[in-house]
Amino acid sequence: MSARSYLFVPGDRPERFDKACASGTDVVILDLEDAVTPERKGEAREAIRDWLTQGGRGWVRLNGTDTAWYEDDCSLLNTPGLLGVSLPKAETAEQLSRLAERLPEPLRILPIVETARGIWNAGELAAAPKVERLAFGSVDFQVDTGIVGDAHELLYARSRLVLASAMARIAAPVDGVTVQLDDLARLEADVLDARRMGFGGKLCVHPRQVQPINQGLLPAAEEVTWASEVMAIVEAHEGVGAISLNGKLIDLPVILRARRILDSAAAA
């Protein structure tokens, strides 16, 4: 099953690294970008290097390719314990291809798409080498485009990421951060909306967000019940003749959806 929760940890706070790993998150991302001030970039980089070398395991968010820190960040690419890298402000396949050439196997890239150009080029980003899946940097995207509101106002951008991922046959994309850290109801609603829209994961910035994300991205109990009933009817009819459940036709797309739900529940 693909990762559901991606927890960012400031790279200059090494005392939080192990705590993040113990939070239950699927992926820990040690952050060298937004969470670290310019004067502490070097300190953060060395803290991450030390932790990985001493047995830690996690992903790293590099600084953007157009920044003064990117080349130094890439010195971490061959560090033992590194599981993958996240690239902010991903906009072109060329950016990702150049990073992929420097990235040892089997490590993969999580591009964060957070600009108008990045969303416009979502298809080429999804198809770039070593891309595991796309992530949506919703907050920065709003700043770049001047969009106010993070619900239906971002539907087009989110849908482009979902469609691009499906076309490239990579894992479903990862939705952006819910910035209301103390609003559990808002987080749960955001996770539900993301899953319905076709997202398979979500970025987060606090350990308390991890479990609601992990749980919310699983099929609901009523979905599992429905899928089980569909497959029971299919097996009973052995594929012969038209079949239905509660008056609704069960055809191949319905069967495939039911199987996907049961597979996700089983994997969890």
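Structural data are supplied above this passage.
Here the structure is a predicted model, which means the values were calculated and not measured.

## A short note on the layout of surface pockets
Alright, step 1. Taken as a whole, the largest pocket spans an internal volume of roughly 810 Å³.
Alright, step 2. Ala172, Arg195, Phe199, Arg260 and Ser264 are the residues nearest the centre of the largest pocket, which is lined by 25 residues in total.
Alright, step 3. At the level of elements, helix H8 (155–168), helix H9 (184–197) and helix H12 (252–267) are the ones that each hand at least two residues to the lining of the largest pocket.
Alright, step 4. No other element matches the six residues that H12 contributes to the lining of the largest pocket.
Alright, step 5. The residue inventory of the lining of the largest pocket, partitioned by class, reads 13 nonpolar, four polar and eight charged.

## Describing unusual backbone geometry
Alright, step 1. The amide bond that connects Glu105 to the next residue, Pro106, takes the cis arrangement and shows omega of 5°.
Alright, step 2. Within the secondary structure, Pro106 is located in the loop between helix H4 (93–102) and strand E5 (108–113).
Alright, step 3. Of note in the backbone geometry, Lys89 takes a positive phi value of approximately 50° without being a glycine.
Alright, step 4. Positionally, Lys89 belongs in the loop between strand E4 (82–87) and H4.
Alright, step 5. For Lys89, a relative accessible area of 28% corresponds to the partly exposed category.
Alright, step 6. Located in the positive-phi region is Lys130, a residue other than glycine, with phi close to 65°.
Alright, step 7. When you line up the elements, Lys130 lands in the loop between helix H6 (122–126) and strand E6 (135–136).

Thresholds applied
- Residues numbered from 1 in each chain as written.
- Predicted model: local features only at pLDDT ≥ 70, side-chain atom pairs only at ≥ 80, totals over all residues.
- Heavy atoms only, no water.
- 1 Å grid on protein atoms, 1.4 Å probe; cavity = no way out; pocket = protein on both sides within 12 Å on 5 of 7 lines; lining within 4 Å.
- Points joined across faces, edges and corners; volume = space filled by probe spheres on them.
- Helix = DSSP H or I, 4+ residues; strand = E, 2+ residues; numbered from the N terminus.
- Nonpolar A, V, L, I, M, F, W, Y, C, P; charged D, E, K, R; others polar.
- Buried < 20%, exposed > 50% of the residue type's maximum accessible area, 1.4 Å probe, protein only.

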